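Summary of the model geometry
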Amino acid sequence: MFGSGVSLDRSLSMLAEQQPNPRLSRVCEDLSQKISAGRYLSNAMSQQNWLFSAMHIRLVAVGEKTGQMHVCLSQLAELEERQLQIEMKVRGSLTVPLIVCGFCLLMVVVAPPLLFRSLLTMLSENGAEMPFPTKILIFLSDAIRNPLSYVAATVGGGILLLWAHHQWAQPVQRLRWVRWIQTLPLVGSILRLISLTRFAQTLSILQAVGVPIVQSLDYASQATADPSLIEDVRGVMERVKEGDLIGTALQESGGFPGAFCQSVAAGEESGKLGDMLESMARMYQVDLEHGLEVLTKSLEPLMLGFVGLIVAFTVVATMLPMLKVMDSL
């Protein structure tokens, strides 16, 4: 709307009327009123830091100073759309396998003890010696039927969540956990690709609108929300402040692929760093889509194998005491 000639305050007021989310509608109306009162948009956005990041505010401030507000807003919208596409692809690729896996786990854990409870009770009353797998199956059956087990599971789950929250709240522990997760096969490589794609996309746009390189590196790393990449970029920023080239600093940090570092170095030499970053972001997005497809297809046989193991255990646990009874006849 602003690019079409509508005033900024009127654009925000119209956006407030169209916004179905009441909270976002109130934010748009508040921004419109402050702009009408003579405030800068970036200044008004800084008071809504729960919604706008430092990168958002910085991009808008650059647009205000250069007179290219519509360009900065367009670039920012494009960046948010790209990052949303990545999130939707990740969620779409993992949602169905996780739902199926959770449902199968629930069925194989809950159904066998309930279905075979009467049979196992009859065998136990007949004095049959219960093998160890059968005892496990009986224990699960008793636990499912006992309300105290649900209370214990709830308390245990709450304690586990509190511990996980405490660990995640500590920057050192969070960094350690993230780096460990990134070493896992398939999942780790996908998480690294997501972070690298977001970093390249954000850095490309920040350079296109003229944000200084050190601030661009900071904002781009923060946009990834990846503690490991943020820590690596901090060292890169220090090297760049000392006069090193970005490609060299990225290479020596050890946290970025060699091809990415060499492409950044080539972009610096040719004066087309933004274009090179944009090309790398598109390439990594293709790699990410391929990785998600491989992960999705890999989960299917893993789920089938897991369900098969549980079914086999249930059958063995049920048949062993029956075979003993038949041998004693």
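Everything quoted here is computed from the prediction, not taken from an experiment.

**Description of the packing of aromatic side chains**
According to the stated counting rule, one finds 6 aromatic pairs in the structure shown. When the centroid spacing of 6.1 Å and the interplanar angle of 90 degrees are considered together, the rings of Trp163 and Trp177 count as edge-to-face. Of this pair, Trp163 sits in helix H8 (residues 147-169) while Trp177 sits in helix H9 (residues 171-181), and the two are 14 residues apart along the sequence. By relative accessible area, Trp163 is classed as partly exposed at 44%. Each member of the aromatic cluster is reached from another via a ring pair, and the members are Phe199, Phe256, Phe260 and Tyr284. A cation over a ring is seen here: Arg23 above Trp50, with NZ or CZ 3.8 Å from the ring centre. The ring of Trp168 carries the charged tip of Arg174 above its face, separated from the ring centre by 5.9 Å.

**Concerning the layout of surface pockets**
In this structure, the largest pocket spans a volume of roughly 1,100 Å³. In terms of lining, the largest pocket is formed by 31 residues, of which the most central are Phe52, Leu73, Leu76, Ala77 and Glu80. Only helix H1 (8-18), helix H2 (22-36), helix H3 (41-46), helix H4 (54-66), helix H5 (69-115) and helix H11 (213-224) provide two or more residues apiece to the lining of the largest pocket. Broken down by element, the residue count for the lining of the largest pocket peaks at 7 residues, all from H5. Looking at side-chain class alone, the lining of the largest pocket contains 21 nonpolar, 9 polar and 1 charged residues. Each pocket or cavity is described by its volume, and for the second largest pocket that value is around 350 Å³.

**Considering the pattern of salt bridges**
For side chains bearing opposite charge, pairing can occur when the charged atoms are close. Applying the stated criterion to the full structure yields 6 salt bridges. Between Asp30 and Lys34 there is a salt bridge, with the nearest N and O atoms lying 3.3 Å from each other. Of this pair, Asp30 and Lys34 both sit in helix H2, 4 residues apart, roughly one helical turn. By relative accessible area, Lys34 is classed as buried at 16%. Between Asp232 and Arg179 there is a salt bridge whose closest N-O contact spans 3.4 Å. Of this pair, Asp232 sits in helix H12 (residues 227-241) while Arg179 sits in helix H9, and the two are 53 residues apart along the sequence.

Calculation criteria
Residues numbered from 1 in each chain as written. Predicted model: local features only at pLDDT ≥ 70, side-chain atom pairs only at ≥ 80, totals over all residues. Heavy atoms only, no water. Phe/Tyr/Trp six-rings, centres within 6.5 Å; stacked < 30°, edge-to-face > 60°. Helix = DSSP H or I, 4+ residues; strand = E, 2+ residues; numbered from the N terminus. Buried < 20%, exposed > 50% of the residue type's maximum accessible area, 1.4 Å probe, protein only. Lys NZ or Arg CZ within 6 Å of the ring centre and 35° of its normal. 1 Å grid on protein atoms, 1.4 Å probe; cavity = no way out; pocket = protein on both sides within 12 Å on 5 of 7 lines; lining within 4 Å. Points joined across faces, edges and corners; volume = space filled by probe spheres on them. Nonpolar A, V, L, I, M, F, W, Y, C, P; charged D, E, K, R; others polar. Salt bridge = Lys/Arg side-chain N within 4 Å of Asp/Glu carboxyl O.

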